Amino acid sequence: MDIFEYMRAENQKKDSPLASRLRPTTLDEVVGQEHIIGKDKLLYRAIQADKISSVIFYGPPGTGKTTLAKVIANTTKSEFTQINATVAGKKDMEEVVNQAKQTLGMYGKQTILFIDEIHRFNKGQQDYLLPFVEDGTVILIGATTENPYFEVNSALISRSIVFELKPLTKENIKEILLRAVNDKEKGLGAYHAVIEEDALEFLSDMANGDARGALNAIELGVLTTEPSEDGNIHITLEVASECIQKRVVKYDKTGDNHYDTISAFIKSMRGSDPDAAVYYLARMLYAGEDVKFIARRIMICASEDVGNADPMAMVVAASAAAEVERVGMPESKIILSQAAIYVACAPKSNAAYGAIEEAWAKVESTKTDAIPVHLQDAHYKGASKLGHGIGYQYAHDFKNHYVKQQYLPDSLVGEEFYHPTDMGYEKTIKEHLDRIRREAE
């Protein structure tokens with residue numbers, strides 16, 4: 001490295017964003033993620049012993065994926081190379097692999113290759129790495145915000161250990177913010193900044209587990225606030241609220257968060273918790289989820305989880321689905337709220353769902369018997385000559401509009417698929433069926 005390269009690197013350190021300057025260089029400086037880097041955990045021991053194998057770090061932005069890679073870079077005796085999949089291509093990987101082969105051959109040192117945003121690589125680019133990860137030419141460290149089991153080749157997954165990073169807790173964010181304000185070497189300590197307790201609470205909550213977002217906010221606040229008469233820069237609640245204009249709801253409509261939120265929404269309706277149901281509905285709508293998708297899920301829940309305990313749930317859900325297509329946002333949130341609350345508050349029965357599942361399983365597992373002759377259609381040409389429909393008893397000619405006769409195929413006589421419950425209107429259905437069957441005997 002010549003003097004100009006050295007000065008460029010030093011200036012970059014000084015002028016880089018706070019989140020970059022404050023990035024930990026040792027394991028002891030890392031905040032949070034104790035479930036994978038606690039002192040008794042595998043990853044902690046592997047990094048300390050410089051025995052790291054190929055790993056993939058998976059988690060939301062700002063949780064420390066790149067930080068852990070940098071800690072490994074500062075700890076290992078291996079060569080460390082970093083590329084970003086958003087801008088790198090196969091040629092870049094070929095250069096890394098060739099250099100890794102030379103380093104291994106000449107010095108007996110392995111190369112750790114850190115690929116940020118690894119999910120951005122296509123299948124061919126990921127496949128190129130396989131033999132070199134397999135033979136140990138490179139040790140792969142991949143970082144991704146997407147579920148690697150969906151976005152990373154299964155062959156690479158099988159050769160790596162996947163570590164999931166969790167959103168940082170509110171207390172973690174507080175610790176990081178206080179370090180940023182007080183650290184005179186890498187942080188903002190030279191500005192004599194003081195963060196008030198309510199501002200600290202607000203920023204740590206609004207960060208929503210993202211340390212980078214919290215650090216960007218505090219840096220903006222310190223750099224744009226004039227010192228008070230006491231010579232200190234006071235980060236008040238008002239200053240903090242200006243730095244974060246709006247809470248960012250982390251919601252990727254094609255990722256895990258999408259599936260987790262809709263799952264929580266459905267389970268809240270099924271669990272008869274209207275408060276939780278409207279909360280998750282609000283989260284989805286706030287993040288821009290498709291109202292038609294939400295309406296479809298409400299309709300499914302109305303049938304699968306409410307069923308005949310309250311048949312009106314299906315009517316309300318279907319009406320809501322039609323209305324949101326005509327109305328659009330923001331008014332659709334009212335329509336969807338009404339439907340979700342109705343379904344959540346309705347008596348529950350999954351008997352209709354259970355019935356079709358049992359019948360489906362029976363169709364799959366048994367041979368298809370002939371339909372009883374008396375139920376067969378007698379109207380098409382030649383049917384009556386074959387005896388179709390003979391012996392059929394018309395239900396409306398009998399008391400209670402019911403007559404006891406065989407409807408199932410011969411091999412299934414006596415089978416029951418629908419088991420009505422005592423919930424809501426389904427209790428009435430159950431009592432009605434019991435009564436007309438008993439009186440027909």
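Note that this is a predicted model, so its numbers are computed, not measured. (Residues numbered from 1 in each chain as written. Predicted model: local features only at pLDDT ≥ 70, side-chain atom pairs only at ≥ 80, totals over all residues. Heavy atoms only, no water.)

K.L.:
What should I look at first to understand the sheet that holds strand β1 (residues 55-58) in this one?
P.N.:
Paired through backbone hydrogen bonds, the strands of a sheet run either parallel or antiparallel to each other. Sheet architecture is open: five strands sit in the order β2-β3-β4-β1-β5, paired in parallel fashion. Of all strands in the sheet, those with a lone pairing partner are β2 (79-84) and β5 (161-164), marking the two edges. Direction aside, the axes of adjacent strands within the sheet are offset by 15° on average. Relative to strand β4 (residues 138-144), β1 runs parallel, the two sharing four bridges. Note on β4: the bridge partner recorded for Tyr 58 is Thr 144. (Pairing = 2+ DSSP bridges. Helix = DSSP H or I, 4+ residues; strand = E, 2+ residues; numbered from the N terminus. Axes fitted to C-alpha atoms, helices over the stretch in contact; angles between N-to-C directions.)

K.L.:
Can you walk me through the packing of helix α17 (residues 312-327) against helix α18 (residues 332-345) in this structure?
P.N.:
To describe two helices that pack against each other, one gives the angle between their axes and the distance between the axes. Viewed as axis vectors pointing N to C, α17 and α18 meet at an angle of 170°, and their least axial separation amounts to 9 Å. The pairing of α17 with α18 is recorded here as roughly antiparallel in orientation. Mapping the contact onto sequence places Met 312, Ala 313, Val 316, Ala 320, Glu 323, Val 324 and Val 327 in α17 and Ser 332, Ile 335, Leu 336, Ala 339 and Tyr 342 in α18. Residues that form the contact of α17 with α18 fall into these classes: ten nonpolar, one polar and one charged. (Parallel < 35°, antiparallel > 145°, perpendicular 65-115°, else oblique. Contact = heavy atoms within 4.5 Å. Nonpolar A, V, L, I, M, F, W, Y, C, P; charged D, E, K, R; others polar.)

K.L.:
Help me understand the confidence of the model for the chain in this model?
P.N.:
Keep in mind that low pLDDT regions are not for reading the predicted coordinates in detail. Residues at a pLDDT of 70 or more form 93% of the chain, whose mean pLDDT is 87. Model confidence for the chain, summarised as mean pLDDT per element, is weakest for helix α1 (residues 3-15) at 54 and strongest for α18 at 96. (pLDDT = per-residue confidence, 0-100.)

K.L.:
Explain the side chain of Thr 137 to me, please; I cannot follow it from the model alone.
P.N.:
Structurally, the position occupied by Thr 137 is in the loop between α7 (123-134) and β4. Reaching out from Thr 137, the side chain makes a polar contact with the side chain of Asp 135 at a distance of 2.6 Å. Setting aside chain neighbours within four positions, we find Thr 137 in contact with Val 97, Ala 100, Lys 101, Leu 104, Thr 111 and Phe 132. (Polar contact = N/O pair within 3.5 Å; in protein donor to acceptor, adjacent residues only side chain to side chain.)

K.L.:
Hey, could you run me through the pattern of salt bridges in this one?
P.N.:
Should their charged atoms come close, side chains of opposite charge can pair. Considering all chains together, one arrives at 17 salt bridges under this definition. Taking the shortest distance from any N to any O, the salt bridge between Arg 270 and Asp 305 comes out at 2.9 Å. Taken together, the positions of Arg 270 in helix α14 (residues 256-270) and Asp 305 in helix α16 (residues 291-306) put the pair 35 residues apart, joining distant regions of the chain. On the accessibility criterion, Arg 270 (35% relative accessible area) is partly exposed. Of the charged contacts, one joins Lys 430 and Asp 422 as a salt bridge, the two residues approaching to 3.4 Å between their closest N and O atoms. Look at Lys 430 and you get partly exposed, because its relative accessible area is 28%. Residue classification places Asp 422 among the partly exposed residues on the basis of a relative accessible area of 49%. (Salt bridge = Lys/Arg side-chain N within 4 Å of Asp/Glu carboxyl O. Buried < 20%, exposed > 50% of the residue type's maximum accessible area, 1.4 Å probe, protein only.)

K.L.:
Just to check I follow, could you spell out the side chain of Asn 147 for this structure?
P.N.:
Mapped onto the fold, Asn 147 is located in the loop between β4 and α8 (148-151). Its relative accessible area of 15% is what places Asn 147 among the buried residues. Within the local environment of Asn 147, its side chain forms a polar contact with the backbone nitrogen of Tyr 149, the two atoms lying 2.9 Å apart.

K.L.:
Is there a simple way to explain the nonpolar core in this structure?
P.N.:
For soluble globular proteins, the rule of thumb is that nonpolar side chains tend to be buried together. Of all hydrophobic cores here, the largest spans 30 residues; its most connected members are Ile 195, Leu 203, Leu 215, Ile 218 and Ile 235. Only α2 (18-21), α10 (170-182), β6 (193-195), α11 (197-206), α12 (211-224), β7 (233-235) and α13 (237-243) provide two or more residues apiece to this core. For this core, the element with the highest residue contribution is α12, accounting for six residues. Excluding residues that lie within four positions of it along the chain, Ile 218 makes contacts with Leu 18, Leu 177, Val 181, Leu 188, Ile 195, Leu 203 and Ile 235. Listed in part, the 29 residues of the second largest apolar core include Ile 266, Leu 281, Val 291 and Ala 317. (Core = buried A, V, L, I, M, F, W, Y, C linked by side-chain atoms within 4.5 Å.)

K.L.:
Would you explain unusual backbone geometry in this entry?
P.N.:
With glycine set apart, most residues show a phi of negative sign, and most peptide bonds adopt trans. Here the amide bond leading from Met 329 into Pro 330 is cis, since omega sits at 10°, within 30 degrees of zero. Here Pro 330 shows up in the loop between α17 and α18. In this structure, His 401 is a non-glycine residue whose phi angle is positive, near 55°. Topologically, His 401 is positioned in the loop between α19 (351-365) and α20 (424-439).

K.L.:
Even after reading the chapter, I still don't get the environment of Glu 201, so can you show me in this structure?
P.N.:
Assignment of secondary structure puts Glu 201 in helix α11. For Glu 201, a relative accessible area of 28% translates into the label partly exposed. For the pair Glu 201 and Glu 171, spaced 30 residues apart in sequence, the C-alpha to C-alpha distance is 9.2 Å. Apart from residues no more than four positions distant in its own chain, Glu 201 is found in contact with Lys 170 and Lys 174. Polar contacts involving the side chain of Glu 201 include one to the side chain of Lys 170, which spans 2.8 Å.

K.L.:
Help me out: how do you make sense of the packing of α16 against α17 in this one?
P.N.:
Orientation of α16 relative to α17, taken along the N-to-C sense of each, is 170°, at an axis distance of 9 Å. One way to sum up the angle between α16 and α17 is to call them roughly antiparallel. Contacts between α16 and α17 involve Val 291, Lys 292, Ala 295, Ile 298, Met 299, Ala 302, Ser 303 and Val 306 from the former and Ala 313, Met 314, Ala 317, Ala 318, Ala 321, Val 324 and Glu 325 from the latter.

K.L.:
Just checking my understanding: could you explain helix α5 (residues 65-75) for this structure?
P.N.:
Since the α-helix turns once every 3.6 residues, residues separated by three or four places project in the same direction. Listed in full, the buried residues belonging to α5 are Lys 65, Thr 66, Thr 67, Leu 68, Ala 69, Val 71 and Ile 72. Contacts from the buried residues of α5 go to α3 (34-37), α4 (42-48), β1, β2, β3 (111-116) and β4.

K.L.:
Explain the pairing of β2 to me, please; I cannot follow it from the model alone.
P.N.:
Along a regular strand, successive side chains alternate from one face of the sheet to the other. With six bridges connecting them, β2 and β3 associate as parallel partners. Pairing of Asn 84 across the sheet is with Asp 116, part of β3. Between the parallel pair β2 and β3, the chain is carried across by helix α6 (residues 90-107), and the sense of this crossover is right-handed. (Right-handed = clockwise from strand over helix to strand, strands pointing away.)

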